[in-house]
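# Coordinate analysis (summary)
Residues per chain are reported as follows:
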Amino acid sequence: MARKETITKKDILNAAFEMASEEGFDHVTARTLAARAGCSTQPIFRVYKNMEELGKELFEQVIAFFTAYYESFPKKSDTPFANLGLAYVCFAQENPKLFQLLFDSENRHGKSLYDILNGPTGAVVKEINNARVHGCKDPSTMFMKMWIFIHGAACMSLTGDYDLSEAETITLLEESYHAFQERMQ
């Protein structure tokens, strides 16, 4: 009779997600993951060819986590890119290790920052279209200007150098958008 599988692929992936969230993906090794999942390394390599394959699947799970985070994030502004920016900064503050994995890592498994941010919901495309509706003549350039500002603020939060409240952040994003808009006219 075949032995019953006690540690599933889902268990392994969930343990890897927890570790990546708490310590960063660099700390997820076969041994540390096995210890977290409460198994030997054998079940890990039964379901994954190697740690790279697990890393790629974990990366996709973290993208899905960010997408769900963004989709459920309360919308607080009508200004294009302000809600996306606030959600991005707050995600960095609340999930610094996952943020680093997605947006501040050399290994993004063939995905660009734009691909990850736009995601399956088309968040960036929606914001670009919103900017167009609000009279922006070059919404793609506006996105780049806002993105540099937004990404910088989020990265500053990782080092503790960004301490603005959500309300202050929204105001700053709105003011930045309008200042860029004026200069682009």
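### With respect to the pattern of salt bridges
- What the rule picks out here adds up to six salt bridges.
- Between E57 and K9 there is a salt bridge whose closest N-O contact spans 3.3 Å. Separated by 48 residues along the polypeptide, E57 in helix 4 (residues 51-72) and K9 in helix 1 (residues 9-23) bring together distant segments of the chain.
- According to the relative accessible area criterion, K9 is partly exposed, its value standing at 37%.
- Here E23 ties to R36 by a salt bridge, and the two come within 3.5 Å at their closest N and O atoms. Of this pair, E23 sits in helix 1 while R36 sits in helix 2 (residues 30-37), and the two are 13 residues apart along the sequence.

### So, the side chain of S77
- Positionally, S77 belongs in the loop between helix 4 and helix 5 (82-94).
- When its relative accessible area of 11% is taken as the criterion, S77 is described as buried.
- Within the structure, S77 has its side chain in polar contact with the backbone nitrogen of T79 (distance 3.0 Å).
- Excluding its chain neighbours within four sequence positions, the residues that come into contact with S77 are A82, N83, I170 and E174.

### Examining the nonpolar core
- Formed by 56 residues in total, the largest nonpolar core has its most connected members in L33, F66, F81, Y88, L102 and L117.
- When residues of this core are assigned to their parent elements, the largest contribution, nine residues, is made by helix 5.
- Excluding anything up to four places from it in sequence, F66 contacts Y88, F91, L102, F103, I116 and L117.

### A look at the packing of aromatic side chains
- All told, the structure shown has 15 aromatic pairs when counted by the stated rule.
- Measuring from ring centre to ring centre gives 6.5 Å for F66 and Y88, while their planes differ by 90 degrees; the resulting arrangement is edge-to-face. You can see F66 sitting in helix 4 and its partner Y88 sitting in helix 5, a full 22 residues away along the chain. For the pair shown, F66 and Y88 are each scored as buried.
- A ring pair is formed by F66 and F91, whose centres lie 5.0 Å apart and whose planes are at 80 degrees; its orientation type is edge-to-face. Of this pair, F66 sits in helix 4 while F91 sits in helix 5, placing them 25 residues apart in sequence. Each member of the pair, F66 as well as F91, carries the same accessibility label: buried.

### Some remarks on the packing of helix 4 against helix 5
- It is at 10 Å that the axes of helix 4 and helix 5 come closest, and there the two elements cross at 125 degrees. With respect to each other, helix 4 and helix 5 are oriented oblique. Along this stretch, helix 4 crosses helix 5, giving a crossing that reads as right-handed. Contact residues: F65, F66, Y69 and Y70 in helix 4; N83, L84, A87, Y88, C90, F91 and E94 in helix 5.
- The class makeup of the residues in the contact of helix 4 with helix 5 is nine nonpolar, one polar and one charged.

Parameters at a glance
Residues numbered from 1 in each chain as written. Predicted model: local features only at pLDDT ≥ 70, side-chain atom pairs only at ≥ 80, totals over all residues. Heavy atoms only, no water. Salt bridge = Lys/Arg side-chain N within 4 Å of Asp/Glu carboxyl O. Helix = DSSP H or I, 4+ residues; strand = E, 2+ residues; numbered from the N terminus. Buried < 20%, exposed > 50% of the residue type's maximum accessible area, 1.4 Å probe, protein only. Polar contact = N/O pair within 3.5 Å; in protein donor to acceptor, adjacent residues only side chain to side chain. Contact = heavy atoms within 4.5 Å. Core = buried A, V, L, I, M, F, W, Y, C linked by side-chain atoms within 4.5 Å. Phe/Tyr/Trp six-rings, centres within 6.5 Å; stacked < 30°, edge-to-face > 60°. Axes fitted to C-alpha atoms, helices over the stretch in contact; angles between N-to-C directions. Parallel < 35°, antiparallel > 145°, perpendicular 65-115°, else oblique. Left-handed = near helix turned anticlockwise from the far one by under 90°. Nonpolar A, V, L, I, M, F, W, Y, C, P; charged D, E, K, R; others polar.

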